Amino acid sequence: LQEWLKRDVFKGDILIYTYYHKYSWRSLPIDIPKLITEEVHYYKSIGVSGMGIYSEPANWFTYETNHYFFARALMDANMDPAQALHDYASKRFGPAATPIEKYFQILEETTPNVCSIPGTVVQSQDEVQKGLDTLEEARGLRDQAEQEASGDPGVKLLLTKLQASLDYTITDVRIRLQAWKVARGGGWADRARGMAPLIYRLRTSFIWAQGAGIFLVPSAYTDYVPKSQKQPGVKTTG
């Protein structure tokens, strides 16, 4: 990239295609506004002509903050991410802006570090537990936001979407914590059995929130019906 930017040979536009939305994140809310702001600033400072990103209709809401910060940073590479978050929370969540601003701060500090996504390595069971406790703090902030937005149906709908996304995220971290315990032996059978209800909770989350802009999942996850719930004469997959 640095050689191309010398313009000794190549004279055309140089653009960066970003991955601030990844399929490998499995619709987990990996919020990285500060990183996005820093990288856009860097690329602009070295002479990159522009940047691009993509969105998926199935989980557009989950990555709305990343897209918002990306668009704003392209317009103003020197913007203050803290101010941008304040503006986003105020304009999008109105009367619930204050707790939601703190909510997204927690997500940025937590989800990229403890969710089970490629490249995220945890060092101990305590580290996963700490992340889980922090996400429970985020749940409290979301609940507070719902109380403060009691008279605004539009904001309440957004908060319902956040609830579905957060429940999914907390379940994902609980699975990671359970897997950590299983991998270290001791009561292996009991801990392995404890994984089943967590995985079932993920699947029911997907089914409940289909078409809400929160999850992009394979149809096999949403079509599956446990044997205990199958009805005679009804054909299902799974």
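Residues numbered from 1 in each chain as written. Predicted model: local features only at pLDDT ≥ 70, side-chain atom pairs only at ≥ 80, totals over all residues. Heavy atoms only, no water.

S.K.: Can you help me understand the packing of helix 7 (residues 153-183) against helix 9 (residues 195-208) in this one?
M.R.: How two helices pack is summed up by the angle between their axes together with the distance between the axes. Between helix 7 and helix 9, the shortest axis-to-axis distance is 10 Å and the interhelical angle comes to 160°. By the angle between their axes, helix 7 is roughly antiparallel relative to helix 9. Helix 7 and helix 9 meet at a crossing whose hand is left-handed. Here T160, A164, D167, Y168, T171, D172, R174, I175, Q178 and A179 of helix 7 come into contact with helix 9, specifically with M195, L198, I199, R201, L202, F206 and W208. Residues belonging to the contact of helix 7 with helix 9 are distributed by class as follows: ten nonpolar, three polar and four charged. (Axes fitted to C-alpha atoms, helices over the stretch in contact; angles between N-to-C directions. Helix = DSSP H or I, 4+ residues; strand = E, 2+ residues; numbered from the N terminus. Parallel < 35°, antiparallel > 145°, perpendicular 65-115°, else oblique. Left-handed = near helix turned anticlockwise from the far one by under 90°. Contact = heavy atoms within 4.5 Å. Nonpolar A, V, L, I, M, F, W, Y, C, P; charged D, E, K, R; others polar.)

S.K.: I tried to follow a nonpolar patch on the surface on my own but got confused; where do I start?
M.R.: A grouping of L1, W4, V9 and F10 is seen on the molecular surface, where their side chains present a nonpolar patch of about 460 Å² in accessible area. Inspection of the secondary structure puts F10 in the loop between helix 1 (2-5) and strand 1 (15-17). (Patch = residues over 30% accessible without salt bridge, like charges linked within 9 Å, V, L, I, M, F, W, Y side chains within 5 Å. Areas by Shrake-Rupley, 256 points an atom, 1.4 Å probe, with all protein chains shown as cover. Salt bridge = Lys/Arg side-chain N within 4 Å of Asp/Glu carboxyl O.)

S.K.: Explain the nonpolar core to me, please; I cannot follow it from the model alone.
M.R.: General note: in soluble globular proteins, nonpolar side chains tend to be found buried as a group. Grouped together as the largest cluster of nonpolar side chains are 60 residues, with contacts concentrated most on F93, I100, Y103, F104, L159 and L162. Of all the secondary-structure elements, those providing two or more residues to this core are helix 2 (33-45), helix 3 (64-75), helix 4 (81-93), helix 5 (97-114), helix 6 (125-148), helix 7 and helix 9. With twelve residues, the top contributor of residues to this core is helix 7. Leave out the neighbours within four places in its chain, and L159 touches F93, I100, R142, A145, E146 and A149. (Core = buried A, V, L, I, M, F, W, Y, C linked by side-chain atoms within 4.5 Å. Buried < 20%, exposed > 50% of the residue type's maximum accessible area, 1.4 Å probe, protein only.)

S.K.: Looking at this structure, how should I read the pattern of salt bridges?
M.R.: Charged atoms that come close allow side chains of opposite charge to pair. Throughout the structure, instances matching the rule amount to nine salt bridges. The salt bridge involving K6 is made with E3; its shortest N-O contact spans 2.9 Å. A relative accessible area of 54% means that E3 is categorised as exposed. In the salt-bridge network here, residues are joined through shared partners; they are E136, R139, D167 and R174.

S.K.: Mind showing me how you'd approach the packing of helix 4 against helix 5 here?
M.R.: Contact geometry of helix 4 with helix 5 gives a least axis separation of 9 Å together with a crossing angle of 130°. Judged by the inter-axis angle, helix 4 sits oblique to helix 5. For the crossing formed where helix 4 meets helix 5, the hand is right-handed. Packed against helix 4, whose contacting residues are A82, L85, H86, Y88, A89, S90 and F93, the element helix 5 presents A97, I100, E101, F104 and Q105 at the interface. Taken together, the residues of the contact of helix 4 with helix 5 sort by class into eight nonpolar, three polar and one charged.

S.K.: Would you take a moment to explain helix 9 for this structure?
M.R.: At 3.6 residues per turn, the α-helix brings residues three or four places apart onto the same side. An ideal rise of 1.5 Å per residue puts 20 Å on 14 residues; helix 9 measures up with 20 Å between its terminal C-alpha atoms. Listed in full, the buried residues belonging to helix 9 are M195, L198, L202, R203, S205 and F206. Angularly, the buried residues of helix 9 cover 155° about the axis, an arc narrow enough to put them on a single face. Opposite its buried face, helix 9 presents the exposed residues P197 and W208, each directed more than 90 degrees away. (Expected span 1.5 Å × (residues − 1). Arc of directions from axis to C-beta.)

S.K.: How should I be thinking about the packing of aromatic side chains in this particular structure?
M.R.: Describing an aromatic ring pair means giving the distance of the ring centres and the angle of the ring planes. Summed over the entire model, instances satisfying the criterion amount to 14 aromatic pairs. Ring centres of Y17 and Y54 lie 6.2 Å apart, and the angle between their planes is 10°; this geometry places the pair in the stacked category. One end of the pair, Y17, is in strand 1; the other, Y54, is in the loop between strand 2 (50-52) and helix 3, with 37 residues separating them in the sequence. Classification of Y54 as buried rests on a relative accessible area of 16%. With a centroid separation of 5.8 Å and an interplanar angle of 65°, the aromatic rings of Y20 and F70 are classed as edge-to-face. Note that Y20 is positioned in the loop between strand 1 and helix 2 and F70 in helix 3, a separation of 50 residues in sequence. Assigned by exposure class, Y20 and F70 land together as buried. The ring of F61 has K161 sitting right over it, with the charged end atom 5.9 Å from the ring centre. (Phe/Tyr/Trp six-rings, centres within 6.5 Å; stacked < 30°, edge-to-face > 60°. Lys NZ or Arg CZ within 6 Å of the ring centre and 35° of its normal.)

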